[in-house]
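What follows is the residue order along each chain.
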Amino acid sequence: MGWGDVEPLNGSTASRLDTCFGVFNASNGHDNAQTSITSPWFSTTFGLIGLCSNLFALCVLLSSSRKLSSQARSSFLVFLCGLVVTDFMGLLVTASVIIPYHFIKFSWTEVDPSCHLCNFLGFSMVFFGQCPLLLGATMAGERFFGINHPFSRSTSISKRRAWSIVGLVWGFSCLLGLLPVLGLGRYTLQYPDSWCFLTLLPDTGNVIFCLVFALLGIFSVLLSFIFNTVSVVTLCRVYHDRESVKRRRDSEVEMMVQLVGIMIIATICWMPLLIFIVQTVLQQLPASGQVQMLPTETQKMLLIYIRMVTWNQILDPWVYILFRRTVLQRIYPSLRPRPSIVSLYPVFNPSLRRKLTAD
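Residues numbered from 1 in each chain as written. Predicted model: local features only at pLDDT ≥ 70, side-chain atom pairs only at ≥ 80, totals over all residues. Heavy atoms only, no water.

What should I look at first to understand the UniProt feature "transmembrane region" (unreviewed entry) in the chain in this one?
Under the present numbering, the feature "transmembrane region" (unreviewed entry) in UniProt falls on residues 41-64, 76-101, 121-141, 162-185, 205-238, 259-282 and 302-323. Between the C-alpha atoms that bound residues 41-64 the distance is 34 Å, and the span itself is 100% helix and 0% strand. Secondary structure content for residues 259-282 is 100% helix and 0% strand, while the C-alpha to C-alpha distance between its ends is 32 Å. (UniProt positions renumbered as here; feature names shortened; annotations may be inferred. Helix = DSSP H or I, 4+ residues; strand = E, 2+ residues; numbered from the N terminus.)

This is the structure we're talking about:
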């Protein structure tokens, strides 16, 4: 899988390196071995499952949001809606290009000679890939401050502010996805000619962009892990407090179960790809002075890791569908809807307790 196993490019292929078509030898994508990992039925089946799952989750979320009066729960549902909408649109946009290719087998050089479609698909892969990781970290941070500092006004987030935060995450991810279009790095066609993504070639622009994308994703996952761990520990301590055990924060438990589930799925699906990107670009830095192509094994491994990432968009909606309070109560009947905003901190001035309970 190293770069030393690859021969230098010939003149005709090297002339395409400034376009989106020069990263790998397209003939490698049509051998018999590729059928098992590039089957069109994989993209079609799981794309449809993901779209239906996210639509169902979105309907359930919208229905739940109309019945809630808790501001903390309402803002959390806004973040969940943002996550579900992002996953749905990501599957819809990418599948609308990738699935037709598998059945039509069109020629990218003829259909997209200027690489506009490839750049759009690469942008979509980065944008819709980075958004869920950043939203997961944002949700973990919001719950961290909501649980550990429940009486601070600065931690109270309205629906409008929550949507503004989701919009900021979308805007930041959009800016990240536009970096290759603005000149930093390049989107290129990937094995087996069906999708475009960032380029794992050892030149300065591509290395910087790959590291920014991968390290930002790793940082988001680690930040989610830290925030969620502290929040879970805090809730466990509260539940063992003799004064608060009578007033369980079922809503807090429900949100944390969902948040931990989202974090676990993101970690399993994304970390292998992110680590693979970092390892690949850093290992090839000594070869930065040579013009080379991606090794065949690297192309296939990248495709496998992208397949794993697809599961993140499919499984995310089921975290909310399966781990709602109504479902959890069937599994653990002692969970009853007895939320109290003061249950985490039971020792307070009685007048303050009455005011907060009324709110």
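Sorry, what's going on with unusual backbone geometry here?
Only a minority of non-glycine residues have a phi that is not negative, and only a minority of peptide bonds are not trans. The residue C115 is not glycine, and still its phi comes out positive at about 70°. Structurally, C115 can be placed in the loop between α4 (108-111) and α5 (116-148).

Even after reading the chapter, I still don't get the environment of W170, so can you show me in this structure?
As for its placement among the helices and strands, W170 is situated in helix α6 (residues 159-177). Taking the C-alpha atoms as reference points, W170 and P132, 38 residues apart in sequence, are found 9.6 Å from one another. Those residues in contact with W170 that lie beyond four places of it in its chain are G82, T86, F127, C131, L135 and W163. (Contact = heavy atoms within 4.5 Å.)

Explanation requested: the state of the cysteines in the structure shown.
Chemically, a disulfide is nothing more than a covalent bond linking the sulfur atoms of two cysteines. Under the counting rule described, the total for this entry stands at one disulfide. Covalent S-S linkage joins C118 and C196, the inter-sulfur distance amounting to 2.0 Å. Between C118 and C196, the disulfide has an S-S torsion of -120° and is therefore left-handed. With C118 in helix α5 and C196 in strand β2 (residues 195-198), this residue pair connects regions lying 78 residues apart in the sequence. Residue classification places C118 among the buried positions, given a relative accessible area of 0%. Since its relative accessible area comes to 0%, C196 is described here as buried. (Disulfide = S-S within 2.5 Å. Buried < 20%, exposed > 50% of the residue type's maximum accessible area, 1.4 Å probe, protein only.)

Can you walk me through the packing of aromatic side chains in this structure?
What describes a pair of aromatic rings is the distance from one ring centre to the other and the angle between the planes of the rings. Scanning the model with the defined rule gives eleven aromatic pairs in all. Considering the side-chain rings of F144 and F227, the 5.0 Å spacing of their centres and the 35° angle between planes classify their relative orientation as tilted. Placement of the pair is F144 in helix α5 and F227 in helix α8 (residues 204-239), with a sequence separation of 83 residues. Take F144: its relative accessible area is 16%, and that puts it in the buried class. The class of F227 is buried, set by a relative accessible area of 17%. With a centroid separation of 5.0 Å and an interplanar angle of 50°, the aromatic rings of F276 and Y305 are classed as tilted. Of this pair, F276 sits in helix α9 (residues 250-283) while Y305 is found in helix α10 (residues 296-322), placing the two residues 29 residues apart along the sequence. (Phe/Tyr/Trp six-rings, centres within 6.5 Å; stacked < 30°, edge-to-face > 60°.)

Would you mind showing me how to read α6 here?
An α-helix turns once per 3.6 residues; consequently, residues spaced three or four apart project the same way. Here α6 contains 19 residues, and its C-alpha end-to-end distance of 27 Å stays within 8% of the 27 Å for a straight helix at 1.5 Å per residue. A162, V166, V169, S173, L176 and G177 are the residues of α6 that are buried. On an axial view of α6, the arc spanned by its buried residues comes to 105°, and they lie on one face. Summarising the geometry of α6, the exposed residues directed more than 90 degrees from the buried face are R160 and L168. (Expected span 1.5 Å × (residues − 1). Arc of directions from axis to C-beta.)

Got a minute to help me understand the pairing of β2 in this structure?
Side-chain positions along a regular strand alternate between the two faces of the sheet. Here four bridges tie strand β1 (residues 187-190) to β2, and the two strands are oriented antiparallel to one another. Within β2, the position partnered with Y187 by the bridge is L198. Here β1 hands over to β2 after four residues, with D193 in that stretch at a positive phi of 75°. (Pairing = 2+ DSSP bridges.)

When you look at the pattern of salt bridges in this model, what are you seeing that I'm missing?
Oppositely charged side chains can form a pair if their charged atoms are brought close together. A complete count under the given rule lists one salt bridge for this structure. A salt bridge links R143 to E142; the shortest N-O distance between them is 3.0 Å. E142 gets classed as buried once you look at its relative accessible area, which sits at 7%. (Salt bridge = Lys/Arg side-chain N within 4 Å of Asp/Glu carboxyl O.)

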